[in-house]
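The lines below spell out each chain.
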Amino acid sequence: MNKRVPLTGNDAGAEALKDVNPDVAAVFPITPQTELMHQFASYVHDGVVDTELILVESEHSAQSACFGAASAGARTVTATSSQGLLLMAEICAITAATRLPVVMPVVNRAISAPVNIGCDHSDSMFLRDAGWIQLYCENSQEVYDTVVQAFRIGEHKDVLLPVMVCLDGFIISHTMEGVELIGPEAARQFVGEYDAAFRLLDTAKPITVGPLHLTDYYFECKRQVVEAMATARRVIVEVGKEYGRLTGREYALFEPYRLDDAEVAIIALGSTCGTAKVAADRAREKGLRAGVLKLRSFRPFPGEEIAEALRHVGAVAVLDRSISYGLPGGPLFHEVRSFANGGAVLVSYVYGLGGRDITPSDLQCVFAELAARRQSGESDGVFRYIGLRES
Amino acid sequence: MASELIEIRWHGRGGQGAKTAAQLVAQVALEEGRFSQGFPEYGPERMGAPIRGFTRVSDAPIRLHCAIERPDVVVVLDDTLIGMPSITEGADHKTIFVINTMLAASEIGDKLKGAGGKPVGTLYCIDATTISIDELGRPMPNTPMIGALVKATACISISALKKDIQKKFLAKFGERVVRGNIRAIERAYEEVQTS
């Protein structure tokens, strides 16, 4: 085993960017992402990497700079959170549909109002349909590993989509944990040289970027993003396997934890999955066969595989750290349910908005509620909150 | 597995270095080949306002990602916080309290009651503020409090702690600050009193 070094999630993201040495980084601060790009900027300043750092005046400009640099064929990164992601949303959709594989750590934070800097997934869920691949991380190790893999996934010639690497604000971004690094040599060898198929500045092969497509081919461009996302499902698994051969840490679309014989299970995104694993262990000590499905890839969404993995489980709680107004249940719940083929009782739990803590005892209660529902066979579609202070 | 996990909750005021101390202990544990986490309260920090920090140390990988509900150890960097319910929250008769105070353990004990007025845990008291003024020239109780914590719990070794301080502080703050911090840690380790 390599030496584990103490890094916060933000440090781990910066370390991965440093080890990859991208061509261009657009930088604008926002809590809780600020330290990530601050740390990376110090590597640029110290000459550890030769990335062109662009200090911009807003996130809209950050994503615009990424669009320009990536159009020119540069390996391009930025990072943001919350309001910053919403401000750049307009350009995010353009980056994706122009098929520019920008890599962007998103340090998940609640969106206003009320003003809040705590973690939830409302920001990345806001861009659910923007055409970005979205990979969620449980801990700092996964942040490092996923940022490195993101370049290979997004830049794959049959994918060519931008990738958000989502990490929970404060819970991961500010928690110091041991992380194994592969170092710049191995990381750069793993990602390889980026050879863009088209380059705006290649005067020998002139191209037009961002032309008008009216009723003639606009529709087809959108359909091609659908195909790229479908291909990304295969590529995420291939890249995750190859990374596993290199490091011993293999990655896939999701990670099953004690699911094989589970009667009840939780499906969730991000850091909560770690806490849910502890809750599952404790539930098992009390005789309840509990498991966890940690979803890593929310876009593309591996619906059939999730349904298959949960087929034998009697009752499933789908945990959303975001909310969909006007439709009971969070986005993850509705997507899981759209692939459910009968069988399991599905319950939607919305939790942790604005950084409200989620503990193993909260999740043991969820497992206990699932066990009761499994017994009673109560029908699905039930919508619950965890830790709400109104009743 | 649960018995191998030590959960430490830090209480201080913004500016006293509770977050730094929480992360420093986690770093030293990692240097010693163990698994650890160090993190601040998730949210804004304001100078003088009550804040919390958290450290987990374990022989096995740590999967929890939440605040510490039932601390094995509570470190209090500022005794004016005593009496706030958050200090004794989740504590029981087995909890170890390490408190920065000029008062004796017997005097603090009366003020430190858990839920239902029940007495809580074992008390370790140290005047870390005076030690830091003597050794560092300013009231910065966090490093001596780590010395007292190590004496009370042996969660990390004192030699690894000193080595880490030497390594981390030397380039950033210079030899004088390193010496002051190491003396502060040693003094707190020696002078901490228990009830």
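Residues numbered from 1 in each chain as written. Chains lettered and ligands numbered in written order. Predicted model: local features only at pLDDT ≥ 70, side-chain atom pairs only at ≥ 80, totals over all residues. Heavy atoms only, no water.

1. Details of the packing of helix H7 (residues 140-155) of chain A against helix H8 (residues 183-191) of chain A
Residue and element names in this part refer to chain A.
So, step 1. The N-to-C vectors of H7 and H8 enclose an angle of 35°; their axes lie 8 Å apart at closest approach. Residues Tyr144, Val148, Gln149, Phe151 and Arg152 of H7 pack against Gly183, Phe190 and Val191 of H8.
So, step 2. For the contact of H7 with H8, the residue count by class is 5 nonpolar, 2 polar and 1 charged. (Axes fitted to C-alpha atoms, helices over the stretch in contact; angles between N-to-C directions. Helix = DSSP H or I, 4+ residues; strand = E, 2+ residues; numbered from the N terminus. Contact = heavy atoms within 4.5 Å. Nonpolar A, V, L, I, M, F, W, Y, C, P; charged D, E, K, R; others polar.)

2. Side note on unusual backbone geometry
All names here are of chain A.
So, step 1. A cis amide bond, omega 0°, links serine 112 with the succeeding residue alanine 113.
So, step 2. Structurally, alanine 113 can be placed in the loop between strand S5 (103-108) and helix H6 (122-126).
So, step 3. For the bond from arginine 299 to proline 300, the omega torsion is -5°, close enough to zero to count as cis.
So, step 4. Backbone geometry at leucine 160 places phi at a positive 45°, although glycine is not the residue there.
So, step 5. Take leucine 160: it is sitting in the loop between H7 and strand S7 (163-168).
So, step 6. In the Ramachandran plot, phenylalanine 170 falls in the positive-phi region, its phi being about 65° despite a non-glycine side chain.
So, step 7. If you trace the backbone, phenylalanine 170 turns up in the loop between S7 and strand S8 (176-180).

3. Some thoughts on the interface of chain B and chain A
Interfaces are frequently sized by the accessible area removed from exposure as the parts join.
So, step 1. Taken together, the contact between chain B and chain A spans 22 residues of the former and 28 residues of the latter.
So, step 2. The interface formed by chain B and chain A contains 1 salt bridge.
So, step 3. The shortest N-O distance in the salt bridge between Glu31(B) and Lys3(A) comes to 3.9 Å.
So, step 4. Counting the contacts that link chain B with chain A gives 12 residue pairs in polar contact (both at pLDDT 80 or more).
So, step 5. Of all the elements in the fold, those that place two or more residues in the side of chain B that touches chain A are helix H1 (18-31) and strand S2 (35-40) of chain B.
So, step 6. The element best represented in the side of chain B that touches chain A is S2(B), accounting for 6 residues.
So, step 7. Of the residues assigned to the side of chain B that touches chain A, the class counts are 10 nonpolar, 8 polar and 4 charged.
So, step 8. Bridge analysis of S8(A) against S2(B) gives 2 bridges, and the strand direction is antiparallel. Directly across from Glu177(A), in S2(B), lies its bridge partner Gln37(B). (Salt bridge = Lys/Arg side-chain N within 4 Å of Asp/Glu carboxyl O. Polar contact = N/O pair within 3.5 Å; in protein donor to acceptor, adjacent residues only side chain to side chain. Pairing = 2+ DSSP bridges.)

4. Here we look at the pattern of salt bridges
All names here are of chain A.
So, step 1. Evaluation of the coordinates by the stated rule reveals 40 salt bridges over all chains.
So, step 2. Of the charged contacts in the structure, one is a salt bridge between glutamate 142 and lysine 294, with a shortest N-O distance of 2.4 Å. One end of the pair, glutamate 142, is in helix H7; the other, lysine 294, is in strand S11 (residues 290-295), and 152 residues separate them in sequence. Of the two residues, glutamate 142 and lysine 294, neither departs from the other in class, the shared state being buried.
So, step 3. Through salt bridges that share partners, Glu138, Glu142, Glu255, Lys277 and Lys294 make up one connected network. (Buried < 20%, exposed > 50% of the residue type's maximum accessible area, 1.4 Å probe, protein only.)

5. A short note on the sheet that holds strand S14 (residues 345-350) of chain A
Residue and element names in this part refer to chain A.
So, step 1. Spatially, the 6 strands line up as an open sheet ordered S9-S11-S10-S13-S14-S15, and their pairing is mixed. Edge positions in the sheet fall to strand S9 (254-257) and strand S15 (382-385), since each has one partner strand and no second. Pairs of neighbouring strands in the sheet enclose a mean axial angle of 20°, with direction left out of account.
So, step 2. In this structure, strand S13 (residues 315-320) lies alongside S14, joined through 6 bridges in parallel fashion. By the bridge assignment, alanine 317 is partnered in S14 with valine 347.

6. A short note on the confidence of the model for chain B
So, step 1. Of all residues in chain B, 96% attain a pLDDT of 70 or more, and the chain-wide mean is 91.
So, step 2. Of all secondary-structure elements in chain B, the lowest mean pLDDT belongs to helix H3 (residues 105-109) of chain B, at 84, while strand S4 (residues 73-76) of chain B reaches the highest, 97. (pLDDT = per-residue confidence, 0-100.)

7. Let's talk about the side chain of Arg56(B)
All names here are of chain B.
So, step 1. Inspection of the secondary structure puts arginine 56 in strand S3 (residues 50-58).
So, step 2. Residue arginine 56 is classed as buried on the basis of its relative accessible area of 1%.
So, step 3. Side-chain polar atoms of arginine 56 contact the side chain of glutamate 7, separated by 2.6 Å.
So, step 4. Within the structure, arginine 56 has its side chain in polar contact with the backbone oxygen of alanine 67 (distance 3.4 Å).
So, step 5. In this structure arginine 56 touches Leu5, Ile6, Glu7, Phe35, Ser36, Gln37, Phe39, Ile62, Leu64, Cys66, Ala67 and Ile68, once residues within four positions along its chain are discounted.

8. What to know about the packing of H1(B) against helix H6 (residues 158-173) of chain B
Residues and elements named next belong to chain B.
So, step 1. It is the contact of H1 with H6, at a shortest axis distance of 10 Å, that shows an interaxial angle of 110°. Classified by the angle their axes make, H1 and H6 are roughly perpendicular. Mapping the contact onto sequence places Leu24, Gln27, Val28 and Glu31 in H1 and Ala160, Leu161, Asp164, Ile165, Lys167 and Lys168 in H6.
So, step 2. Grouping the amino acids of the contact of H1 with H6 by side-chain chemistry returns 5 nonpolar, 1 polar and 4 charged. (Parallel < 35°, antiparallel > 145°, perpendicular 65-115°, else oblique.)

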